[in-house]
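Topology and contacts: notes
The lines below spell out each chain.
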Amino acid sequence: IAKPFREEIQRKVKELKELGIEAPLLVGLLANDDPAALKYAEWTGRACQADGLRYELRKIDDPINVEQALRDANNDVRVHGVIVYYPIFGAVPSYSGSSRDDYLRDTVSHEVDVEGLCHHYRSNLYQNIRYVDAPRCEKKCVLPCTALSVVKILESIEQAYDNSKPIGKRMEGKVVTVVNRSEIVGRPLAAMLANDGANVFSVDIESIYCFEGSSGRLRKCSEEDENLEACVRKSDIVVTGVPVKGYRIPIEWIQPGTVVVNVASFKNVDETELLKIPGVVYVPMVGKVTVAMLERNLMRLFENFHHPEIRKKKLGYETTKLIENGDTGKPWYGSPIQLYTAVAVTSLIALTMMKR
């Protein structure tokens, strides 16, 4: 699944080289010893090197210095993308508390946010706004990498997505349970799947909410009628993302033909027993596709904000798009004299109106 996306990145990097433009630079900020974060940083560096992208890992000894390192990266014109490897303050007790990680996510500039987790992109996602420059609609938003990787995986599974339907309706009639409501994975994933038409149960320790894709309504579920077991039993797709080694979804809840995707660093299901259920499709990990989405987001940011002439050329902006809008791209005036006359007349009219 990741292969065609990475091949596209390689092709674009080659085109940039032919134009004499350096490949995009991604900066990673690492300030913890979390095994999953370390693995993610390792995969990212390896993939970028293989695909011709530039990658720089900046290790920070004291978490309190992450904000300054992040602001430095935001303001560095050489940097086209930034990824912060979480958790930082959420990993150990600290004065700042775990909410500090949320603050850091919102500190990443939307022009370099390869993870699509800053407030700007999250807000657009939850409102189903797919472009950053509406109403022109030329610059597509960046979406959270892990959540996007799950969507791309599901799009490749025939029983999950109906690609013959228009965008926004390709999961109509599907029921999905997402066992995770983190800001990094579960919450944006639930919104993305609902935006594609699915009814999505968003589950965390304290509550269950339902995103109704058909109506766009969000409601809290009653514990009696829609507990986790009930949600899983009626789901066509189950996504698990519980970062606890001992957590398991009971296999008897999974119905034949269900698609099960594990996004946690630990396996949340008994894989051997799960695969005995008829018609089940199981995806044990999403890491490689997540890295491919990270690269895709980096290239999108590069084209949207750092080298917009590439995006405009790809869209045929200089010719086709302007002509379709009735604009040849030339100034409205035919000569400097016409421009001078127009400015002078406008000034006289303004002065006359002021006297009145």
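Conventions and cut-offs
Residues numbered from 1 in each chain as written. Predicted model: local features only at pLDDT ≥ 70, side-chain atom pairs only at ≥ 80, totals over all residues. Heavy atoms only, no water. Buried < 20%, exposed > 50% of the residue type's maximum accessible area, 1.4 Å probe, protein only. Helix = DSSP H or I, 4+ residues; strand = E, 2+ residues; numbered from the N terminus. Arc of directions from axis to C-beta. Contact = heavy atoms within 4.5 Å. Polar contact = N/O pair within 3.5 Å; in protein donor to acceptor, adjacent residues only side chain to side chain. Pairing = 2+ DSSP bridges. Axes fitted to C-alpha atoms, helices over the stretch in contact; angles between N-to-C directions. pLDDT = per-residue confidence, 0-100. Salt bridge = Lys/Arg side-chain N within 4 Å of Asp/Glu carboxyl O.

Quick look at helix α3 (residues 66-75) now. The set of residues buried in α3 consists of Val66, Glu67, Ala69, Leu70, Ala73 and Asn74. Down the axis of α3, the smallest arc covering the buried residues is 160°, so these residues share one side. In this structure, the buried residues of α3 make contact with β1 (25-30), β2 (54-59), β3 (81-85) and α4 (99-107).

Within the element layout of this structure, Thr44 appears in helix α2 (residues 35-51). Under the relative-accessibility criterion, Thr44 is labelled buried at 0%. Within the structure, Thr44 has its side chain in polar contact with the side chain of Tyr85 (distance 3.5 Å). Those residues in contact with Thr44 that sit more than four places away from it in its chain are Leu26, Tyr55, Tyr85, Val291 and Leu294.

Taken in spatial order, the seven strands line up as β7-β6-β5-β4-β8-β9-β10 in an open sheet, and their pairing is mixed. Of all the strands in the sheet, the pair left with one neighbour each is β7 (217-220) and β10 (281-283). Geometrically, the sheet is characterised by an average inter-axis angle of 15° between neighbouring strands, direction not taken into account. The pairing of strand β8 (residues 237-240) with strand β9 (residues 259-262) spans four bridges and is classified as parallel. Pairing of Ile237 across the sheet is with Val259, part of β9. Here helix α6 (residues 145-155) sits on the sheet and contacts β8, β9 and β10; the angle it forms with β9, its principal contact strand, is near 150°.

Judged by pairing direction, the sheet is parallel, and its three strands sit side by side in the order β2-β1-β3 without closing on themselves. Pairing within the sheet leaves two strands with one partner each, and these edge strands are β2 and β3. Neighbour to neighbour, the strand axes of the sheet diverge by 20° on average, direction disregarded. Bridge count for β1 against β2 is six bridges, and the pairing is parallel. Bridge pairing in β2 links Gly28 to Leu57.

Quick look at the confidence of the model for the chain now. When pLDDT is averaged along the chain, the result is 86; 84% of the residues meet or exceed 70. Within the model, pLDDT remains below 50 along residues 317-345, and this stretch shows 15 contacts once partners closer than five positions in the same chain are excluded.

The tally for this structure, following the rule as stated, stands at 27 salt bridges. The salt bridge involving Glu22 is made with Arg54; its shortest N-O contact spans 3.6 Å. A residue pair is termed long-range when its members are at least 10 positions apart, and Glu22 in the loop between α1 (2-18) and β1 and Arg54 in strand β2 qualify at 32 residues. By relative accessible area, Glu22 is classed as exposed at 56%. The residue Glu226 makes a salt bridge to Arg219 at a minimum N-O spacing of 2.9 Å. Residue Glu226 is classed as buried on the basis of its relative accessible area, which comes to 12%. It is possible to trace a salt-bridge network through shared partners that takes in Glu212, Arg217, Arg219, Glu226 and Lys234.

Once that is clear, we can look at the pairing of β7. Consecutive side chains of a regular strand alternate in pointing toward one face of the sheet and then the other. Direction of pairing for strand β6 (residues 208-212) relative to β7: antiparallel, over a ladder of four bridges. Bridge pairing in β7 places Cys210 opposite Arg219. In this antiparallel pair of consecutive strands, β6 and β7, the connection spans four residues, and Gly216 shows a positive phi of 80°.

This part is about the pairing of β9. Of the two faces of β9, the one carrying Val259 and Val261 and the one carrying Val260 and Asn262 are both buried. As paired strands, β9 and β10 are joined by three bridges and run parallel to one another. Among the inter-strand pairings, Val260 is bridged to a residue of β10, identified as Tyr282.

For the rest of this paragraph, the subject is the environment of Ala194. Tracing the backbone through its elements, the reader meets Ala194 in helix α7 (residues 186-195). Sequence separation between Ala194 and Asn128 is 66 residues; the distance between their C-alpha atoms is 9.6 Å. Residues within four places of Ala194 in sequence aside, it is in contact with Val200, Phe211 and Gly213.

This paragraph deals with the side chain of Asn262. Structurally, the position occupied by Asn262 is in strand β9. Discounting chain neighbours no more than four positions away, the residues touching Asn262 are Thr240, Lys267, Asn268, Tyr282, Val283, Pro284, Met285 and Val286.

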